[in-house]
Amino acid sequence: MPIELTNSYAELPERFYAPVQPATPPEASLIKLNGPLAERLGFSLPELTSPAGIGLLAGADFPRGLTPVAMVYAGHQFGSWAPRLGDGRAMLLGEIMAPSGVVFDLHLKGSGPTQYSRGGDGKATLGAVLREYLVSEAMFGLGIPTTRALAVIATGEQIMREKPLPSAVLARIAQSHIRVGTFQYFYGQKDREALKLLLNFVLARHCPEAMEAENPALSLLKTVMERQADLVASWMQMGFIHGVMNTDNMSISGETIDYGPCAFMDAYHPATVFSSIDQQGRYAWANQPAMAHWNLAQLAQSLLPLIGSDPKQAAEAAQQVLDGFSDQFQAAYETRFARKLGLGQFGSHDGALIQSLMAEMQEVGADFTQCFRLLTKGWQQDDLSELRVVFGNSSAFEHWLTRWKNRLKQDDPAEVRTRMASANPIYIARNHRVEQAIDAANDGDFTLFETLLKVVAKPFEEQTEFDEYENAPREDEVVRETYCGT
Ligand code: AMP
Ligand code: MG
């Protein structure tokens, strides 16, 4: 049976997308298939790995009846308005309904130029593709909503970046690829009819319950706001920095999308930025909630024509939803950080407890992940000496430990342990490990990639044979800058 895909997005009017032509890579070969994911989606593995399957995943060969498209969208990039972006190096192959009944987009990245390439080559480096694979699977392992990598296809082609590099295509799935920027595009075009069609499409796919709401557009705004507040809190809980939270990279589904210059931070500092192009620190770790809020305001603006016919009333209603963001985010952040400290409930003094620890961590440049991991391990083993060393055996930290232990007297120790162990990962996709894996893969060796993938897929489980993956980078291994992986 051939691979069955539908494409309901391609049934929308033609101004929603551009058709794409297959680009035939010189030598498409399968580098990696996410077998467990493929099975969960109901794909037949022999079919997906057959020459026809690989041709499809490389964007080289479309079976009859398939209508792949490049989606159009706009966006604010670092605050500047770009009226038309769109999939410049990507395409939507179609949708698949998993046996669970959930529908996913199947999307290719690096599959060649489209009508929206704006002078770019439409390609992706193998390094960027592997980076997305590793980090998105790490996010999935951490329980964070995310797009997921299904396969990597090598093209057999070198592309020119700062030097010639091997190129690849990433096949990935998402609940959809509709972004804040998709709504912005049609708002910018003053195309109310298209906005309405997009709204209905999104409601049916992502929040059918809102279709019955008194004001479906407002209800969508509220749902997206809640999902983004929780998503950003979950990033911060894990020390994750998205790096390029432009409105075209914020998904309506609430999944983490667009793994470009993203990174997990090593040493804790709230102003940490990795992206080489984020000179102002716009998307720094601690700035992410403010930026999500800003993006949501752009979504609200684009939805105004659908929220109500009276512009003033519509704006007031939208503002009311937006005003809920801070509380929504704060509650999500507090719940998540309370769990990191083992607390069952977030009490009135707990904000200060969290703050003091973070201030001490910043002071000594403690490794974010390792610090919470040592706290977890120290509690389990009733020996916090390793963590004391991190803080230079300071009296300030000793004081904090006393406060924390006093606070936990109200809680059952076993529950504290469970909470901490499920909120504080042992392994993250550390930058230096990702870079090492990519360097080796560029030379044709995928061992490090495979090992790292295995480790980060189970971030909360001790994997004693991979102990060293817990470690922070040595000074000479620290990666300070990441690049918008094209
Ligand atoms: P990003 O911020 O990385 O998501 O990319 C912003 C825009 O640039 C999107 O419209 C991408 O499709 C486009 N883009 C990025 N890299 C390339 C490339 N190599 N060729 C064509 N378009 C690209
Ligand atoms: Mg993008």
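What counts, and where the lines are drawn
- Residues numbered from 1 in each chain as written.
- Chains lettered and ligands numbered in written order.
- Predicted model: local features only at pLDDT ≥ 70, side-chain atom pairs only at ≥ 80, totals over all residues.
- Heavy atoms only, no water.
- Salt bridge = Lys/Arg side-chain N within 4 Å of Asp/Glu carboxyl O.
- Helix = DSSP H or I, 4+ residues; strand = E, 2+ residues; numbered from the N terminus.
- Buried < 20%, exposed > 50% of the residue type's maximum accessible area, 1.4 Å probe, protein only.
- Domains from an automatic or database assignment.
- Near = heavy atom within 4 Å.
- Polar contact = N/O pair within 3.5 Å; in protein donor to acceptor, adjacent residues only side chain to side chain.
- Areas by Shrake-Rupley, 256 points an atom, 1.4 Å probe, with all protein chains shown as cover.
- Nonpolar A, V, L, I, M, F, W, Y, C, P; charged D, E, K, R; others polar.
- Contact = heavy atoms within 4.5 Å.

1. Regarding the pattern of salt bridges
Right, on to step 1. Counted according to the given criterion, the structure contains 29 salt bridges.
Right, on to step 2. Of the charged contacts in the structure, one is a salt bridge between Glu-132 and Lys-109, with a shortest N-O distance of 3.2 Å. Note that Glu-132 is positioned in helix H4 (residues 126–141) and Lys-109 in strand E7 (residues 103–109), a separation of 23 residues in sequence. Each member of the pair, Glu-132 as well as Lys-109, is classed as buried.
Right, on to step 3. For Glu-386, the salt bridge is made with Lys-377, and the minimal N-O distance between the two is 3.6 Å.
Right, on to step 4. Judged by its relative accessible area of 46%, Glu-386 falls in the partly exposed class.
Right, on to step 5. A single salt-bridge network, built from bridges that share partners, covers Asp-350, Arg-407, Asp-411, Glu-415 and Arg-419.

2. A look at the domain arrangement of the chain
Right, on to step 1. Assigned domains within the chain: domain 1 (9–174) and domain 2 (334–423).
Right, on to step 2. Centre-to-centre, using C-alpha coordinates, domain 1 lies 41 Å away from domain 2.

3. Quick notes on the site of ligand 1
Right, on to step 1. Neighbouring residues of ligand 1: 17 residues in total, closest Gly-86, Gly-88, Arg-89, Gly-122 and Asp-258.
Right, on to step 2. In the environment of ligand 1, a nitrogen atom lies 3.1 Å from a nitrogen or oxygen atom belonging to the side chain of Asp-121.
Right, on to step 3. Within the backbone of Gly-122, one N or O atom sits 2.9 Å away from a nitrogen atom of ligand 1.
Right, on to step 4. Burial of ligand 1 by the surrounding chains reaches 88%, relative to a free accessible area of 490 Å².
Right, on to step 5. Here the residues of the shell around ligand 1 are counted per class, giving 2 nonpolar, 8 polar and 7 charged.

4. As for the environment of Leu-48
Right, on to step 1. Note on placement: Leu-48 falls in helix H2 (residues 45–48).
Right, on to step 2. Here the alpha-carbon distance between Leu-48 and Leu-33, two residues 15 residues apart in the chain, equals 8.9 Å.
Right, on to step 3. With residues up to four places along the chain from it excluded, the contact list for Leu-48 reads Ile-3, Leu-33, Ala-38, Phe-43, Gly-53, Ile-54, Leu-57 and Leu-150.

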